[in-house]
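# Structure at a glance
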Amino acid sequence: MRALNAGIRLLLAAALLLGTTVGCSAGGPGDDHCAPFAAYRAKTETTVRISSVVRGAEEDSLVKAWEKFEDCTRIDIQYTGSERFEAELEQQVRGGAGPDMALFPQPGLLARLARAGLVRPATAQVRANVEKWFPADWQRYGTVDGTLYAAPYDAHVKSLVWYSPKLFREKGWAVPATWGEMLALSDRIAAAGIKPWCAGIESGSATGWPATDWLEDVLLRTAGAQVYDRWMAHTIPFDDPRVVAALDRVGGILRNPAYVNGGHGGVRSIATTTVPEAGLPIMERHCAMYRMSSFYQRAWPATAQLAEDGDVWAFYLPPVDPARGRPVLGAGNFVGVFNDRPEVAMLAAYLSTPQFANTLAASRAGISANRGLDHDGLPDPISKLFAQLITDPSVTFRFDASDLMPAQVGTGTFWTGMTDWINGADTATVLHRIEKSWPRS
């Protein structure tokens, strides 16, 4: 009891030094529910505005992840999700109408705004948290010209194929371990009268991005991580022959009328099928597989059982060449700050902690590459699968290349070019056009 009282006195002293009080607006001083948030409590009621591309059902989970923080700190978080986030953010910030902070899905966009002086460097507390809790690669993605600007917020696994274990079991189909096995399985599924694959790349102003992921995943599996890195950095041409070969391999699936587009139409329906809608025909057995990021777990109906023997599960997109190891393509959001008010700094610091990483997971809003993430405490088996792939030291992890490229390519000509490709444009022509669009300075 003496130790407990001493701890309480230390906590109260720290809170007084910070100009805060222990407790929360809902529970009052001394409420244990709010004690972990004592260091973030604002002196008066205030607001922080956050913007990102996240919306819909995913937005609900995102907002839920910081509800307790709001309750206990007097900081009201006003969130805006926009499908035109990438296109509008810079204009809003330059015009003085931007948010206090943003969740950047593209480090390339973050770098452009940081070099323009629009994003503030990370505070000392955020830097300390990032250096302590995040792997070197994730630190690098939020760093521009040697300065850390943004802490990682969440992490997504992209090298996944969603499927129905119940359907596979009934048909006697096995989860493939190699690319060759996956193609052989696709042929068996097609022979059974089911389209092996469903796909969709329509995403408003971001239409085309899922097709870029396909290319990146295959390039990692055929040419290897070093070639992938050089391609992303443009030290080899965008239309390098190895990239052409990788996209033609993708075309063996996405432009094969025998394989796609289950439940939606022919090959060209991929360009008009939205990302959330694309995988749902698996539930009606119109298609059998959907390659899509881990965030898609929130797109399934609430009645769907996500389990290894359930209605829906995911398997690792298998390697093409086992000599290339086990590459994993991933992505995530990064917290960039535009305003240096104390409450903004406190929220940014909180979002870089293991405390938030575990809250994010518990609210089913996502997982984090934070080394303080409690894997045993993850809320469901599918989250444990994602976390294992993100943190497994035996895998070769690479961030989505389009998100790291200059925005005019990564979120511009690459997206539109892949849409044209789905609609029938020649592989070499599309890649050469994207190469020509790469900025020269």
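Residues numbered from 1 in each chain as written. Predicted model: local features only at pLDDT ≥ 70, side-chain atom pairs only at ≥ 80, totals over all residues. Heavy atoms only, no water.

### Quick word on the layout of surface pockets
Once rolled over the atoms, a probe with the size of a water molecule shows which space is left empty. Applicable threshold: In this analysis, the protein atoms alone were mapped onto a 1 Å grid. Cavities are point sets where a 1.4 Å probe fits without being able to get out; pockets are open sets with protein on both sides within 12 Å along at least five of seven lines; lining residues have an atom within 4 Å of a point. Grid points are joined across faces, edges and corners, and a volume is the space filled by probe spheres set on the points. Comment: elements are numbered from the N terminus, with helices defined as DSSP H or I runs of at least four residues and strands as E runs of at least two. The nonpolar class holds Ala, Val, Leu, Ile, Met, Phe, Trp, Tyr, Cys and Pro. Asp, Glu, Lys and Arg form the charged class, and all remaining residues, Gly among them, are polar.
Taken as a whole, the largest pocket encloses approximately 760 Å³ of empty space. What lines the largest pocket is a set of 29 residues, and nearest its centre among them are V53, E58, S203, W209 and F295. Looking at the lining of the largest pocket, the elements that each hand over two or more residues are α2 (57–64) and α13 (275–278). Residue composition of the lining of the largest pocket, grouped by class: 13 nonpolar, seven polar and nine charged.

### Observations concerning the pairing of strand β1 (residues 46–52)
Where a strand is regular, its side chains alternate between the two sheet faces. The criterion, for reference: Buried residues are those whose accessible area, probed at 1.4 Å on protein chains only, stays under 20% of the maximum for their type, while exposed residues exceed 50% and partly exposed ones sit between those limits. A strand pair is defined by DSSP finding two or more bridges across the two strands.
Burial analysis of β1 places five of its seven residues in the buried class, the great majority of the element. Looking at chain direction, β1 and strand β2 (residues 75–81) are connected through seven bridges and run parallel. From the neighbouring strand, I50 faces β2, where its bridge partner is Y79. Bridge count for β1 against strand β3 (residues 101–104) is two bridges, and the pairing is parallel. Bridge pairing links I50 to M101 in β3.

### What to know about helix α5 (residues 107–115)
Of all nine residues in α5, seven are buried, a share of seventy percent or more. Every buried residue of α5 is listed here: P107, G108, L109, L110, A111, L113 and A114. G117, located one to two residues past α5, shows a positive phi value of around 80 degrees.

### Let's talk about the confidence of the model for the chain
Formally: pLDDT measures how confident the predictor is about each residue, on a scale from 0 to 100. Between two residues, a contact is recorded if the distance between any of their heavy atoms is within 4.5 Å.
Summary statistics for the chain give a mean pLDDT of 91 and a share of 93% for residues scoring 70 or more. In this model residues 1–29 is a low-confidence stretch, pLDDT under 50, and it forms 37 contacts with partners more than four residues away in sequence or in other chains.

### So, the state of the cysteines
Put simply, the rule is: Disulfide: a pair of cysteine sulfur atoms within 2.5 Å of each other.
Inspection of the entire model under this criterion finds two disulfides. With its sulfur 2.0 Å from that of its partner, C34 forms a disulfide with C72. Across the disulfide from C34 to C72, rotation about the S-S bond amounts to roughly -65 degrees, and the bridge is consequently left-handed. Taken as a pair, C34 in the loop between α1 (2–17) and β1 and C72 in helix α3 (residues 67–73) lie far apart in primary sequence, 38 residues in all. Disulfide pairing is shown between C198 and C287; the S-S distance is 2.5 Å.

### Looking at the pattern of salt bridges
Here is the rule: Here a salt bridge means any side-chain nitrogen of Lys or Arg lying within 4 Å of a carboxyl oxygen belonging to Asp or Glu.
Enumeration according to the criterion identifies 22 salt bridges in this entry. Between R398 and D229 there is a salt bridge, and its shortest N-O distance comes to 2.8 Å. In this pair, R398 sits in strand β14 (residues 396–399) while D229 sits in helix α11 (residues 225–233), placing the two residues 169 residues apart along the sequence. Judged by its relative accessible area of 19%, R398 is buried. For D229, a relative accessible area of 27% gives the class partly exposed. Each of R49, D100, R341 and E343 takes part in one network of salt bridges that share partners.

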